[in-house]
Amino acid sequence: MNKKNILLEYSEYTALQELVESDVQLIHKAIDIAKKSYSPYSKFPVGAAVLLDNGEVFAGNNQENIAYPSGTCAERTVLNYVHANFPTHKIKVIAITALASSSSIPVTPCGFCRQVIVEMEQNQAEPIKVILHKIGGSTYVFESALSLLPLAFEEVYLKK
Ligand code: THU
């Protein structure tokens with residue numbers, strides 16, 4: 001038996017001024033769009049903003065439904081929109097934030113969303129920077145989406 005370890009590496013920023021300006025702007029977009037979230041059931045508004053390789057920015061928020069599983073997270077709202085409309089563009093960065101989290105650290109994406117971000121990252125063959133921001137708190141920056149989903153289920157497993 002061999003014990004193995006997986007290293008999860010990210011940078012923590014305690015002040016927004018430490019980040020590059022384009023990342024700060026993306027965080028502000030995520031905060032703004034979170035305010036328009038449709039989350040009457042969880043009362044947990046989340047916003048996500050994406051920067052594409054052509055400089056365009058898109059944002060989305062969580063959209064809930066009385067049939068709870070029909071709801072969609074903020075990340076997939078924006079990622080699926082971007083992938084539907086700009087399939088040939090690469091995603092450089094995604095910034096994610098929650099308005100009302102009682103946790104002391106930034107909100108982290110759910111497993112579904114991590115899977116979706118990782119597939120987009122692998123298809124474009126360039127890392128997607130993932131920024132998790134806690135309003136009034138710190139910001140975590142992951143240089144690649146795959147670091148948030150080690151041992152991700154991926155295409156290679158389906159190959160015959
Ligand atoms: N949610 C997101 O939109 N993104 C996350 O990263 C975590 C959770 C949403 C889903 C649901 O609308 C609400 O937050 C509570 O789970």
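Structure's up top.
Residues numbered from 1 in each chain as written. Predicted model: local features only at pLDDT ≥ 70, side-chain atom pairs only at ≥ 80, totals over all residues. Heavy atoms only, no water.

A separate point is the overall build of the chain. The helix and strand tally for the chain stands at three helices and six strands. Scanning the chain from its N terminus toward the C terminus, one meets helices and strands in the order β-α-β-β-α-β-α-β-β. Taken against the 2.2 N^0.38 rule, which gives 15 Å for 160 residues, the C-alpha radius of gyration of the chain at 16 Å falls within 12% of a compact globule. With the C-alpha coordinates of the chain rotated into their principal frame, the extents come out at 45 × 40 × 35 Å. (Helix = DSSP H or I, 4+ residues; strand = E, 2+ residues; numbered from the N terminus. Rg over C-alpha atoms; globule rule 2.2 N^0.38 Å.)

Okay, the site of the ligand next. In the vicinity of the ligand, the contacting residues are Ser42, Phe44, Val46, Asn62, Glu64, Cys73, Ala74, Glu75, Thr108, Pro109 and Cys110. One nitrogen or oxygen atom from the side chain of Asn62 is found 3.0 Å from an oxygen atom belonging to the ligand. Residue Ala74 places a main-chain N or O atom 2.9 Å away from an oxygen atom belonging to the ligand. The protein chains hide 76% of the 370 Å² of surface that the ligand would expose on its own. In this structure, the ligand is accommodated by the largest pocket. For the shell around the ligand, the class distribution of residues is six nonpolar, three polar and two charged. (Near = heavy atom within 4 Å. Polar contact = N/O pair within 3.5 Å; in protein donor to acceptor, adjacent residues only side chain to side chain. Areas by Shrake-Rupley, 256 points an atom, 1.4 Å probe, with all protein chains shown as cover. 1 Å grid on protein atoms, 1.4 Å probe; cavity = no way out; pocket = protein on both sides within 12 Å on 5 of 7 lines; lining within 4 Å. Sits in = over half its atoms within 2 Å of the grid points. Nonpolar A, V, L, I, M, F, W, Y, C, P; charged D, E, K, R; others polar.)

Volume-wise, the largest pocket comes out at about 280 Å³. In terms of lining, the largest pocket is formed by 21 residues, of which the most central are Ser42, Asn62, Glu64, Thr72 and Cys73. If one sorts the elements of the lining of the largest pocket by residue count, helix H2 (residues 74–85) sits on top with three residues. Looking at the lining of the largest pocket residue by residue, the classes come out as 11 nonpolar, seven polar and three charged. (Points joined across faces, edges and corners; volume = space filled by probe spheres on them.)

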